[in-house]
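Listed below are the residues making up each chain.
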Amino acid sequence: MQPITCHECGTRVLVEKYSEIHTSVQWLEDAEAACPEFARLAEQGTHSAFVSTCMALRRSIGAAVREGRVPESRFSEPAPLPTEGR
Amino acid sequence: MGDMVAEDEVRLIEAGSNPTRFARGWHCMGLADSFRDGRPHEIKVFGQTAVVFADSSGKLHMIDAFCRHMGGNLAKGTIKGDEIACPFHDWRWNGEGRCTNVPYARRTPLRARTTTWLTLERNGLLFAWNDPQGNPPPPHVTIPEIEDYGTDRWSSWSWKSYLVEGAHCREIVDNVVDMAHFFYVHYQIPHYFKNVFEGHVATQHMRSTGREDIKTGVQMDLPEAVTRSEASYYGPSFMLDTIWTESGGETIEAKLVNCHYPISPDSFLLQYGIIVERKPGTGVEQAEEMARTFTDGLEVQFLQDVEIWKHKSRIENPLLTEEDGPVYQLRRWYQQFYVDVEDVTPEMVQRFEFEVDCEAAVAKWQAESRENAARENSAQA
Ligand code: FES
Ligand SMILES: [Fe+2]
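Residues numbered from 1 in each chain as written. Chains lettered and ligands numbered in written order. Predicted model: local features only at pLDDT ≥ 70, side-chain atom pairs only at ≥ 80, totals over all residues. Heavy atoms only, no water.

Undergrad: What exactly am I supposed to notice about the overall build of chain B here?
TA: Counting its regular elements, chain B contains six helices and 19 strands. Projecting the C-alpha coordinates of chain B onto the three principal axes gives extents of approximately 80 × 60 × 40 Å. Counting only contacts in chain B whose residues sit at least 6 apart along the sequence, the fraction spanning at least 24 positions is 59%. When the accessible surface of chain B is split by element, carbon and sulfur atoms take 51% of a total near 17,500 Å². With 38 positive and 58 negative side-chain charges, chain B shows a spacing of 9 Å between the two charge centroids. (Helix = DSSP H or I, 4+ residues; strand = E, 2+ residues; numbered from the N terminus. Contact = heavy atoms within 4.5 Å. Areas by Shrake-Rupley, 256 points an atom, 1.4 Å probe, with all protein chains shown as cover. Lys, Arg positive; Asp, Glu negative; His and termini not counted. Charge placed at Lys NZ, Arg CZ, Asp CG, Glu CD.)

Undergrad: It is not clear to me how the layout of surface pockets should be interpreted in this structure. Could you clarify?
TA: Over the atoms rolls a probe the size of a water molecule, and its path tells where empty space is left. Considering only enclosed or pocket space, the largest pocket measures out at about 1,100 Å³ in volume. Looking at the lining of the largest pocket, the elements that each hand over two or more residues are α1 (31–34) of chain A together with β1 (25–31), β14 (201–210), β15 (226–234) and β16 (238–247) of chain B. Within the lining of the largest pocket, the residues separate by chemical class into 20 nonpolar, 17 polar and 10 charged. For the lining of the largest pocket, the two domains that each supply at least three residues are domain 1 (25–130) and domain 2 (158–374) of chain B. (1 Å grid on protein atoms, 1.4 Å probe; cavity = no way out; pocket = protein on both sides within 12 Å on 5 of 7 lines; lining within 4 Å. Points joined across faces, edges and corners; volume = space filled by probe spheres on them. Nonpolar A, V, L, I, M, F, W, Y, C, P; charged D, E, K, R; others polar. Domains from an automatic or database assignment.)

Undergrad: For this particular structure, what's the right way to read the sheet that holds strand β8 (residues 99–101) of chain B?
TA: Residues and elements named next belong to chain B. Taken together, the four strands give an open sheet; going across it, the order is β5-β6-β7-β8, and neighbouring strands pair in antiparallel fashion. Only two strands of the sheet have a single partner each, and these edge strands are β5 (78–80) and β8. As defined by bridge partners, strand β6 (residues 83–85) adjoins strand β7 (residues 92–93) across two bridges and the pair is classed as antiparallel. Bridging from a neighbouring strand, I84 pairs with W93 of β7. (Pairing = 2+ DSSP bridges.)

Undergrad: Mind showing me how you'd approach the interface of chain A and chain B here?
TA: Where interface size is quoted, it is often the accessible area lost as the parts come together. Contacts between the two partners involve 28 residues from chain A, matched on the other side by 28 residues from chain B. Both sides of the chain A and chain B interface together cover about 2,600 Å² of buried area, and 51% of this is carbon and sulfur. The largest share of the area that chain A buries against chain B comes from I21, F50 and E77 of chain A, three residues that together contribute 24% of it. Taken together, the links from chain A to chain B amount to one salt bridge. Note that R58 of chain A and E355 of chain B form a salt bridge whose closest N and O atoms lie 3.7 Å from each other. Where chain A touches chain B, the interface holds 15 residue pairs in polar contact (both at pLDDT 80 or more). By residue number, the principal contributor to the side of chain A that touches chain B is strand β3 (residues 23–27) of chain A, which donates five residues. Among the residues forming the side of chain A that touches chain B, the class breakdown is 16 nonpolar, eight polar and four charged. Both β3 of chain A and strand β19 (residues 352–356) of chain B contribute to a ladder of four bridges, which runs antiparallel. Bridge assignment links S24 of chain A to a residue of β19 of chain B, and that residue is F354 of chain B. (Buried area = accessible area lost by both parts, 1.4 Å probe. Salt bridge = Lys/Arg side-chain N within 4 Å of Asp/Glu carboxyl O. Polar contact = N/O pair within 3.5 Å; in protein donor to acceptor, adjacent residues only side chain to side chain.)

Undergrad: Can you walk me through the coordination of the iron ion (ligand 2) in this structure?
TA: Angles between donor atoms at a metal ideally measure 109.5 degrees for a four-coordinate tetrahedral arrangement and either 90 or 180 degrees for a six-coordinate octahedral one. All names here are of chain B. In this structure, N175 (ND2), H181 (NE2), H186 (NE2), D305 (OD) and D305 (OD) serve as the protein donors to the iron ion (ligand 2), at separations of 2.1 to 2.5 Å. Every donor residue of the iron ion (ligand 2) comes from the same chain, spaced as N-x5-H-x4-H-x118-D. You can see N175 sitting in the loop between α1 (170–174) and α2 (181–184) and its partner D305 sitting in helix α3 (residues 284–311), a full 130 residues away along the chain. Both residues of the pair, N175 and D305, belong to the buried class. (Donors = N, O, S within 2.8 Å, 3.2 Å for Na, K, Ca; no water. Buried < 20%, exposed > 50% of the residue type's maximum accessible area, 1.4 Å probe, protein only.)

Undergrad: Help me understand the pairing of strand β13 (residues 188–198) of chain B in this model?
TA: Consecutive side chains along a regular strand alternate between the two faces of the sheet. Residues and elements named next belong to chain B. Across the 11 residues of β13, nine count as buried, placing the element largely inside the fold. Across 10 bridges, β13 lies against β14 in antiparallel orientation. Bridge pairing links E198 to V201 in β14. Count of turn residues in the β13/β14 antiparallel hairpin: two residues, of which G199 carries a positive phi of about 60°. Summarising the sheet, β13 and β19 pair through five bridges and their orientation is antiparallel. Directly across from F197, in β19, lies its bridge partner F352.

See the structure below:
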């Protein structure tokens, strides 16, 4: 998975793309503590576990993909634990 | 490993074995009112035998069914006031698991306490907290309230349960990431499919349409219905799903519960229920009718899941494609409920998102179901 930094808040996540549409994101910290967007929603009563995505992070991933920083990969084994650089 | 598998190497299934431990979490025991008929109810759960009974205020309690005196079965006894009386020698046990009275004795053994489970009533359902370590649930680990539950906005629960033997309940949880089985087992075509795991919650966001060749009650018999669904597991066993069925500019909202409790390492009670929103103008009868249609449709689908589980192998090393959901990451999340709280690792609970690319699958499935429908039509002509 490729490390990507959100240009809104600086949170670092690991990203994998199997295709243009597919995206897999592994967070490395507590999402509500790391992401101000999630923190704001949590304050309004919606916890991040129920939110499908942070739009700022999604834009950052989109930009990284366009810059060729997230080459498409395939499902590979062993699958269980996402690690950097795989 | 990895890509270095020789071309003709036989792949073996690692079946593993069912855990003997029962998951930490809230488990739904069924419709709360069904336990308030003035009688004690025996439930086989978590490898034990429990009795559920209502005290005089109607509050439900769950304690070990076997009387600590001589092992009588309290579920065969009677409720006397706030206590349950054993059929064998009439010892009285309260909801806190204390013996409060031995009618024929001068002294009551006050110190002995029996096993109890913490209970919670929410949305008309009874829940029991299981924790092999005996800790109470942390405050944020709970079951959410359904907005307006108990008002005439919703139909009453249409509720069913089904005993599944010969399978571990992990099989049912696996479904939350299984995009492709929705077409084959549930007759739906997912167009959007995303999972998010975080903390004790695992969510599936899905948008789907029905098949042209096979119709189910889940589409509520509406033409061209689009179904949006947001389903979350709150812990290891209780899934609450909000479903919006959209057709002809109308939206019908329904809440689906899909839950289970383990009986033994290889059996569980599957339960599912539905409430449907009453539109202003639709009568009570009509809402109940819709809930029934929907539940009947679901039953067909669940029974097909059950048919698969009954005959499949446990598999620790599923062979996946890019169109399969994140089975391994889901199981990593699920594992948190089977280890001591001190042993829950960050990876089990840190947020993980996975959006499946459904595009290729949708094209193939639409073509397949269209062809099937055309073949059936011409056979009938
Ligand atoms: S075994 Fe229950 S009262 Fe004797
Ligand atoms: Fe299923």
